[in-house]
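# What the coordinates show
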Amino acid sequence: MSTLNQQYEEKVRPCIDLIDSLRSLGVEKDLALPAIAVIGDQSSGKSSVLEALSGVALPRGSGIVTRCPLELKMKRMKEGEEWYGKISYQGIEEEIESPADVEEKCRKALGKIARSWLSISEELISLEICSAHVPDLTLIDLPSITRVAVKGQPENIGEQIKTLIRKYISRQKTTILVVVPCNVDIATTEALKMAQEVDLGGERTLGILTKPDLVDKGTEETVVAVVRNEVIPLKKGYMIVRCRGQEEIKKKVSFPEVIEKEKAFFKKHVYFQTLYDEGHATVTKLAEKLTHELSHHIETSLPRIEEQIEEKLEETQAELEKYGSEPPSDEAERRVFLIDKVTAFTQDAISLTTGEELKCGDKPNVFSTLRREFGKWNTHLDRSGEKFNKRIEKEVEKYEEKYRGRELPGFINYKTFEVMVKEQIRQLEEPAVINLKEIGDAVTKAFIQLAESSFTRFPELVKKAKAKIGDIMRKLLSTAQSMLRTQFKMELLVSSVDRTYSSSLSESKREKDEDKLKGKNIVRNMDNHATLQEIMLHIKSYYKIASQNLAYQIPLVIRYHILQESAIQLQREMLQVTQEEKDMYKLLCQDYDLDMKRTALQGQFKRLMEARTCLAEL
Ligand code: GDP
Ligand code: MG
């Protein structure tokens, strides 16, 4: 690895470090980062390649050893600097004292993450190795593709692993390292198939052939053709490496020694020597290629990453604004926060009932309902009046027919007709109450809607406001209703001495006299007729005034109680809540989902800000 020159020292390391720190910030959740993922069928030599690259022994054995993604960060140190290792997972960070401890620490981490031997986890273990003998490179090792479940493992373990692998290799910024042994037919390997599924043109796939010493006699030329990219062409081509075999592991052959032996192996090999000469062989060459590959990849993606971070930041900030500010945790500050919220709400409630513009966005329109309902009421009164007048006229006609030319009997007097008018007025009472209830419902609904939009995110506060609205409206409706009924009782009391009544009567009389002058009325029995006409006029005026009173009074009662009083009481009671509430925490506790979402967004925002700082420092 001595070929890594000064230029790398200056350019490569900072690039890789940057991406590593972005990854450790979790920016990968927000946008894709350049990465190299290693995949392979079981026993293809994946771990052996990683070991050779990192110079440390990694957990291995039969079955699925790597049960979660393992990020292997390698940092090249200057000759003479001390070896340094660190493992982090689930927020735990542990130093590793010597290369010999790596395997054990990894096993422990795996055991903690994927608790049973049978399961797969998506959580990442991050292993950092700093040494003078490693390349500057970060790789993500993924569980081996298994076809058959080991005893006790879930049937779908193979599918679980594939899902995990797909998650990594389908990212467009990920280079896929496919590890394939020389002693199998490369075209049939599951790993290459998976890579081809997500990387159709082979743009970002690199093949690594292992176990060249175990190649079947007679197939060497095919292997050479594969490495030369002549069989299954890949844009990034192929490399061939020889790692520690089972024998060498047993004998504990050291990694520097393995490197030497590998070099010697290729140099001597009849078929593979040319591959060595062409720069397609050995772990050392592979390390160089990968480092170059990664840093180049990072360099070309940096501008876009920067852009993406800015875009994401903006997006996140806009999203966060929608969620509004968080209530303070301090008790007193929390109360101030509550007072502000409640004040805004009650002001809107008052504006709602006075028809002014609301602060909160969507405004329920109470006034259109009010206009509609009062309109209905007036039409109802008019119709009822017309109907009544017709009825009275008919009645009078009947009397005229009956008593034509005769003396009116004593019992037919004003009272008889008065009963009729009272009955008619009484018929208006229920429609008036219904009118009141309908308006009451509309206003209640509007208040509730307002509470919901003013206190989104605070379900307890909404609940409280709703309860208050319910109570207030119930009480006011009942008061208003009894007032309406009193109003009707009063209308039924109207006496002929009432001044308005007299004036209305003289008005009606004047109209009638005018009609008379025009000769409209043909008089048969002057005396009786005059009396009946007089009564009719009285009755009509009575009804007219009562109806006018009701047309005016009923909406007034409704307006006063249902609109004005309700908003004032709501304001009073809600402000009382802000002063008397003991459990400030509970009242302002937030909708759980929204709270989670905001926390996530805040995390994302923080991450992206840090990422921006990282980029700026580069
Ligand atoms: P993995 O399951 O893909 O991680 O495969 P391993 O790295 O554990 O390798 C499986 C077996 O192949 C181990 O016994 C290794 O020692 C052996 N092996 C790996 N590479 C080579 C090689 O280049 N030559 C020889 N002879 N054996 C190798
Ligand atoms: Mg392995």
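Attention in this report is confined to the structure presented alongside it. Fair warning: this is a prediction, and the values are worked out from it, not measured in the lab.

Below, the discussion takes up the overall build of the chain. Broken down by element type, the chain carries 18 helices and nine strands. Within the chain, contacts between residues separated by at least 24 positions form 81% of all contacts whose residues are at least 6 apart in sequence. When the accessible surface of the chain is summed, it comes to about 31600 Å², and 51% of that surface belongs to carbon and sulfur atoms.

Counted according to the given criterion, the structure contains two cavities of 30 Å³ or more. Space inside the largest cavity adds up to approximately 80 Å³. In terms of lining, the largest cavity is formed by 10 residues, of which the most central are Pro59, Thr66, Leu70, Leu110 and Asp141. Residues that form the lining of the largest cavity fall into these classes: seven nonpolar, two polar and one charged. Each pocket or cavity is described by its volume, and for the second largest cavity that value is around 40 Å³. The element that contributes the greatest number of residues to the lining of the second largest cavity is helix H1 (residues 6-25), accounting for four residues. For the lining of the second largest cavity, the class distribution of residues is seven nonpolar, one polar and two charged.

The phi dihedral of Lys211 falls on the positive side, at around 55 degrees, and the residue is not glycine. Positionally, Lys211 belongs in the loop between strand S8 (205-210) and helix H6 (220-227). Although it is not a glycine, Asn229 sits at a positive phi angle of roughly 70 degrees. With respect to the helices and strands, the residue Asn229 is situated in the loop between H6 and strand S9 (238-240). Asn229 sits in the partly exposed class, given a relative accessible area of 24%.

Attention shifts here to the packing of helix H2 (residues 46-54) against helix H10 (residues 283-322). Viewed as axis vectors pointing N to C, H2 and H10 meet at an angle of 80 degrees, and their least axial separation amounts to 10 Å. Viewed along their axes, H2 and H10 adopt a mutual orientation that is roughly perpendicular. When H2 is examined against H10, the residues Val49, Ala52 and Leu53 are found in contact with a partner set consisting of Val283, Leu286, Ala287 and Leu290.

The next thing to look at is the nonpolar core. Counting residues in hydrophobic clusters, the biggest one holds 64 residues, and the most contacted among them are Phe417, Phe447 and Phe455. For this core, the secondary-structure elements that each account for two or more residues are helix H11 (331-354), helix H12 (366-402), helix H13 (414-454), helix H14 (459-493), helix H16 (526-580) and helix H17 (584-587). With 17 residues, the top contributor of residues to this core is H16. One finds Cys68, Leu127, Ile208 and Cys614 within the second-largest nonpolar core, a separate group that totals 57 residues.

Reading across from one edge, S4-S3-S5-S2-S6-S1-S7-S8-S9 is the order of the nine strands in this open sheet, with mixed pairing throughout. Both outer strands of the open sheet, strand S4 (92-96) and S9, are each paired with one neighbouring strand and no more. Ignoring which end each strand starts from, the neighbouring axes of this sheet average 20 degrees apart. In the packing of helix H4 (residues 157-169) onto the sheet, contacts are made with strand S1 (35-40), strand S6 (137-141) and strand S7 (174-181), and the angle to S1 comes to roughly 150 degrees.

Taken together, 20 residues lie around ligand 1, and Ser43, Ser48, Asp213, Cys243 and Gln246 are the ones closest in. Between an oxygen atom of ligand 1 and a main-chain N or O atom of Cys243, the distance comes to 2.8 Å. Calculation on ligand 1 without its partners gives an accessible area of 580 Å², and the protein chains cover 87% of this total. Contributions of two or more residues to the shell around ligand 1 are made by H2 and helix H7 (246-250). Looking at the shell around ligand 1 residue by residue, the class counts come to four nonpolar, nine polar and seven charged.

It is worth spelling out the pairing of S4 at this point. Of the strand pairs in this sheet, strand S3 (residues 84-89) and S4 are connected by five bridges, and their pairing is antiparallel. Along S4, the bridge assignment pairs Tyr89 with Ile92. Counting the residues between successive antiparallel strands, the hairpin from S3 to S4 contains two residues, one of them, Gln90, with a positive phi of roughly 45 degrees.

Let us now look at the packing of aromatic side chains. For the coordinates displayed, the defined rule picks out four aromatic pairs. Seen from their ring centres, Phe265 and Phe266 are 5.1 Å apart, and the 75 degrees between their planes marks the pair as edge-to-face. Residue Phe265 shares its accessibility class with Phe266, and that shared class is buried. On the basis of an interplanar angle of 75 degrees and a centroid distance of 5.9 Å, the ring pair of Phe337 and Phe458 is categorised as edge-to-face. Of this pair, Phe337 sits in helix H11 while Phe458 sits in the loop between H13 and H14, and the two are 121 residues apart along the sequence. Phe458 shares its class with Phe337; the two are buried. Cation over ring: Arg171 sits above Tyr168, and NZ or CZ is 4.7 Å from the ring centre.

A few words now on the pattern of salt bridges. A side chain with one charge can pair with a side chain of the opposite charge if their charged atoms come near. Across all of its chains, the model carries 38 salt bridges by this definition. With its nearest N and O atoms 3.7 Å apart, the salt bridge here joins Glu93 to Lys86. Judged by relative accessible area, Glu93 falls into the exposed class, the value being 55%. A relative accessible area of 17% means that Lys86 is categorised as buried. The shortest N-O distance in the salt bridge between Glu319 and Lys597 comes to 3.5 Å. Of this pair, Glu319 sits in helix H10 while Lys597 sits in helix H18 (residues 592-617), and the two are 278 residues apart along the sequence. The structure contains a network of salt bridges with shared partners spanning Asp17, Lys75, Lys86, Glu93 and Glu128.

For the rest of this paragraph, the subject is H18. Since the α-helix advances by 3.6 residues per turn, residues separated by three or four positions end up pointing in the same direction. With 26 residues, H18 ought to run about 38 Å at 1.5 Å a step, and its terminal C-alpha atoms sit 38 Å apart, in line with that. Of the positions making up H18, those classed as buried are Arg598, Leu601, Gln604, Arg607, Leu608, Ala611, Cys614 and Leu615.

Further remarks concern the layout of surface pockets. Its boundaries defined by the atoms lining it, the largest pocket holds a volume of some 730 Å³. The wall of the largest pocket is formed by 27 residues, among which Arg23, Ser24, Gly26, Glu71 and Leu124 lie closest to the centre. Elements supplying a minimum of two residues to the lining of the largest pocket: H1, strand S2 (70-76), S3, S4, strand S5 (125-131) and H4. With five residues, H1 is the single largest residue contributor to the lining of the largest pocket. A breakdown of the residues in the lining of the largest pocket according to their chemical character gives five nonpolar, seven polar and 15 charged.

Basis of the calculations
- Residues numbered from 1 in each chain as written.
- Chains lettered and ligands numbered in written order.
- Predicted model: local features only at pLDDT ≥ 70, side-chain atom pairs only at ≥ 80, totals over all residues.
- Heavy atoms only, no water.
- Helix = DSSP H or I, 4+ residues; strand = E, 2+ residues; numbered from the N terminus.
- Contact = heavy atoms within 4.5 Å.
- Areas by Shrake-Rupley, 256 points an atom, 1.4 Å probe, with all protein chains shown as cover.
- 1 Å grid on protein atoms, 1.4 Å probe; cavity = no way out; pocket = protein on both sides within 12 Å on 5 of 7 lines; lining within 4 Å.
- Points joined across faces, edges and corners; volume = space filled by probe spheres on them.
- Nonpolar A, V, L, I, M, F, W, Y, C, P; charged D, E, K, R; others polar.
- Buried < 20%, exposed > 50% of the residue type's maximum accessible area, 1.4 Å probe, protein only.
- Axes fitted to C-alpha atoms, helices over the stretch in contact; angles between N-to-C directions.
- Parallel < 35°, antiparallel > 145°, perpendicular 65-115°, else oblique.
- Core = buried A, V, L, I, M, F, W, Y, C linked by side-chain atoms within 4.5 Å.
- Pairing = 2+ DSSP bridges.
- Near = heavy atom within 4 Å.
- Polar contact = N/O pair within 3.5 Å; in protein donor to acceptor, adjacent residues only side chain to side chain.
- Phe/Tyr/Trp six-rings, centres within 6.5 Å; stacked < 30°, edge-to-face > 60°.
- Lys NZ or Arg CZ within 6 Å of the ring centre and 35° of its normal.
- Salt bridge = Lys/Arg side-chain N within 4 Å of Asp/Glu carboxyl O.
- Expected span 1.5 Å × (residues − 1).

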